[in-house]
Amino acid sequence: MAKISPSVLTADFLELKNQLKIFEECGVDMLHMDVMDGIFVPNISFGAPIIEKVKKHTSIPMDVHLMIDRPHRYIDMFAKSADILGFHFEAGSDVAETLKQIKAHGIRSCLTIKPCTEPEEIFEFLPLCDMVLVMSVEPGFGGQKFMPSALDKLKKLRAEIERRGLSCLLEVDGGINKEAAPLAVAAGADVLVAGSYVFDSSDIKKTVREIRAL
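Report follows, based on the coordinates. Worth saying up front: this structure is predicted, and the values here are computed from it rather than measured.

Overview of the packing of helix 1 (residues 16–25) against helix 8 (residues 204–213)
And step 1. Between helix 1 and helix 8, the least distance of the axes is 9 Å, while the angle of their chain directions is 40°. When the interaxial angle is binned, helix 1 and helix 8 end up oblique. As helix 1 runs across helix 8, the sense of the crossing is right-handed. Of helix 8, the residues touching helix 1 (which contributes Gln19, Ile22, Phe23 and Glu25) are Ile204, Lys205, Val208 and Arg209.
And step 2. The residue makeup of the contact of helix 1 with helix 8, split by class, is 4 nonpolar, 1 polar and 3 charged.

Quick look at the structure:
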């Protein structure tokens, strides 16, 4: 059964506290926090203070996704509130050293790839990853359509993770709905990030359970 990580990027922040209670009731596994700087991606979202405040109101682990330029500069800041902290392979930091920097804080590390990046490019870093995130849309905005090319990336990463005997989770983010979710899981995904499909639902609890069942 897939793990669910609802993306707060598309949430109504005035309703978020109530929605957190709903997520806890239906057993959401993580809460996906997209941090955007307007440089690495053409959008700006929120920073560490917001994540710290959200964390005070829930026991759900924080799955923090840094979409920022040279993320090594901010690892220490975000590690204070993250349970899983990830950054982009393409973002201009020394990948191995940044993964080690994250793990030195006693939290889980995640390496993310954009749709333009081939999975083979990050194989050497898999032993340092607790999770790998495959973007199935171009990072920066919610509500985009799932890109089928992500499925082949998931399959290749799953095969390499198993070949090496690693316990690394495989996460997918972008356009996840009732059609895309089962395809992603069949391709090897362990964790599904869902934003608009969950937060725009008239019954969040039912939608989360439906995705998990898929």
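Additional details are given in the paragraphs that follow.
Quick look at the side chain of Glu171
And step 1. Along the polypeptide, Glu171 turns up in strand 7 (residues 169–173).
And step 2. In this view, Glu171 contacts Ser5, His32, Asp63, Cys110, Met131, Val132, Leu133, Val134, Leu154, Val191 and Val193; residues no more than four positions away in its chain are not counted.

What about the pattern of salt bridges?
And step 1. Counted under the stated rule, the structure contains 13 salt bridges.
And step 2. Across the pair Lys156 and Asp152 runs a salt bridge, and its minimum N-O distance is 3.4 Å. A residue pair is termed a helical-turn pair when its members lie 3 or 4 positions apart in one helix, as Lys156 and Asp152 do in helix 5 (residues 149–164) at 4 residues.
And step 3. By relative accessible area, which is 41% here, Asp152 ends up partly exposed.

Details of the sheet that holds strand 8 (residues 191–194)
And step 1. Within the open sheet, the 8 strands sit side by side as 1-8-7-6-5-4-3-2. Their pairing is parallel. Each having just a single partner strand, strand 1 (3–6) and strand 2 (31–36) make up the two edges of the open sheet. Neighbour to neighbour, the strand axes of the sheet diverge by 25° on average, direction disregarded.
And step 2. When strand 4 (residues 84–88) meets strand 5 (residues 108–113), the two strands line up parallel, connected through 5 bridges. In the sheet register, Ile84 faces strand 5, and the bridge partner there is Arg108.

Description of the state of the cysteines
And step 1. Scanning the entire structure with this criterion turns up 0 disulfides.
And step 2. In this model Cys110 remains outside any disulfide bridge; the closest cysteine sulfur is found in Cys129, 7.2 Å from its own.
And step 3. Between Cys168, a free cysteine, and Cys129, which holds the nearest cysteine sulfur, the sulfur-to-sulfur gap is 5.4 Å.
And step 4. On the basis of relative accessibility, which here comes to 4%, the residue Cys168 falls in the buried class.

Comments concerning the packing of aromatic side chains
And step 1. Evaluated as defined, the whole model comprises 3 aromatic pairs.
And step 2. An angle of 90° between the planes, with centres 5.5 Å apart, marks the rings of Phe23 and Phe199 as edge-to-face. Of this pair, Phe23 sits in helix 1 while Phe199 sits in helix 7 (residues 196–199), placing them 176 residues apart in sequence. Accessibility classification places Phe23 together with Phe199 in one group, the buried group.

Remarks on the pairing of strand 4
On any regular strand, side chains alternate: one points to one face of the sheet, the next to the other face.
And step 1. By the criterion of burial, strand 4 is predominantly enclosed, with 5 of the 5 residues buried.
And step 2. Where burial is concerned, the two faces of strand 4 agree: the one with Ile84, Gly86 and His88 and the one with Leu85 and Phe87 are both buried.
And step 3. In terms of strand pairing, strand 3 (residues 62–67) meets strand 4 through 4 bridges, oriented parallel. Bridge pairing in strand 4 links Asp63 to Ile84.
And step 4. After leaving strand 4, the chain enters helix 4 (residues 95–103) and then returns to the sheet as strand 5, a path that is right-handed.

Scoring rules and cut-offs
- What you see as residue numbers is a count from 1 along each chain, following the sequence as written.
- Per-residue local features are limited, in this predicted model, to residues with pLDDT of at least 70; the limit for side-chain atom pairs, both in listing and counting, is 80 or more; totals at the level of whole chains, interfaces and linings are taken over all residues.
- Only hydrogens and water are removed before side-chain values are computed, so all heavy atoms of the structure are retained for them.
- Each axis is a line fitted through C-alpha atoms, taken for helices only over the stretch in contact, and angles between the N-to-C directions span 0 to 180 degrees.
- Helix numbers and strand numbers start at the N terminus; a helix is a DSSP run of H or I with at least 4 residues, a strand a run of E with at least 2.
- Roughly parallel here means an angle under 35 degrees, roughly antiparallel means over 145, roughly perpendicular means 65 to 115, and every remaining angle is called oblique.
- A clockwise turn of the near helix away from the far one marks a right-handed crossing, whereas an anticlockwise turn of less than a right angle marks a left-handed crossing.
- Any pair of residues with heavy atoms lying within 4.5 Å of one another is described as a contacting pair.
- Three categories are distinguished: nonpolar for Ala, Val, Leu, Ile, Met, Phe, Trp, Tyr, Cys and Pro, charged for Asp, Glu, Lys and Arg, and polar for the others, with Gly belonging to the last.
- Whenever a carboxyl oxygen of Asp or Glu lies within 4 Å of a side-chain nitrogen of Lys or Arg, that contact is scored as a salt bridge.
- Relative accessibility thresholds used throughout: buried, under 20% of the residue-type maximum; exposed, over 50%; partly exposed, between the two (1.4 Å probe, protein chains only).
- Two strands qualify as a pair provided that DSSP identifies no fewer than 2 bridges between them.
- The disulfide definition used here is simple: a pair of cysteine sulfur atoms within 2.5 Å.
- Centres within 6.5 Å make a pair out of two Phe, Tyr or Trp rings, where for Trp the six-membered ring is used; the pair is then stacked when the planes are under 30 degrees apart, edge-to-face when over 60, and tilted otherwise.
- Whether a crossover is right-handed comes down to one check: with the strands pointing away from the viewer, does the path from the first strand over the helix to the second run clockwise; if it does, it is right-handed.

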